[in-house]
Amino acid sequence: MNNPLVSYPQLPDTPTSHLPFSPCVVVGDLIFVSGQASVDKEGNIVTDTFEGEFRRSMENVRLVLEAAGSDLAHVVQTRNYVRDAANLPLYNQLYREYFPQPAPARTTITDCLPPDLKYEVEAVAVRQK
């Protein structure tokens, strides 16, 4: 796409994927972060406990936002995918660490991920001014 209002920022530490999507797309001051799971910088899945996968996913979101000129404090919406609904209490506890009140708008869907993933998150943020 050749549009001066649309960009696809990446830094060397930005997690990438072998799948056909950009880590984020910036349109004006809005940053749309693609689904981030527990993967390394080359996009290889790193299995762990739910907490470990949650934290790695959030770190990936942080890295993607940094490349786009923002951070977790500027996230306005998240969409969260939790494989096992039994992890919802821990998910809510961990989520509060990363997004204190007032928290972003949020959607959470359970029982939706493949067996090799426990958590995935996508986000919308604004650029820092």
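What you see is a predicted model; the values in this text were computed from it and never measured. (Residues numbered from 1 in each chain as written. Predicted model: local features only at pLDDT ≥ 70, side-chain atom pairs only at ≥ 80, totals over all residues. Heavy atoms only, no water.)

Undergrad: Let's hear about the packing of aromatic side chains: which residues, and what values?
TA: Counted under the stated rule, the structure contains eight aromatic pairs. On the basis of an interplanar angle of 45 degrees and a centroid distance of 6.0 Å, the ring pair of Tyr 91 and Tyr 119 is categorised as tilted. Placement of Tyr 91 in helix α2 (residues 88-98) and of Tyr 119 in strand β6 (residues 119-126) is noted, with a sequence separation of 28 residues between them. When sorted by exposure, Tyr 91 lands in the same class as Tyr 119, which is buried. Taken together, the ring pairs connect Phe 50, Phe 54, Tyr 91, Tyr 95, Tyr 98, Phe 99 and Tyr 119 into an aromatic cluster. One cation-aromatic arrangement involves Arg 106 over Tyr 95; the distance from NZ or CZ to the ring centre is 4.7 Å. (Phe/Tyr/Trp six-rings, centres within 6.5 Å; stacked < 30°, edge-to-face > 60°. Helix = DSSP H or I, 4+ residues; strand = E, 2+ residues; numbered from the N terminus. Buried < 20%, exposed > 50% of the residue type's maximum accessible area, 1.4 Å probe, protein only. Lys NZ or Arg CZ within 6 Å of the ring centre and 35° of its normal.)

Interpretation in functional terms is not warranted from these geometric data alone.
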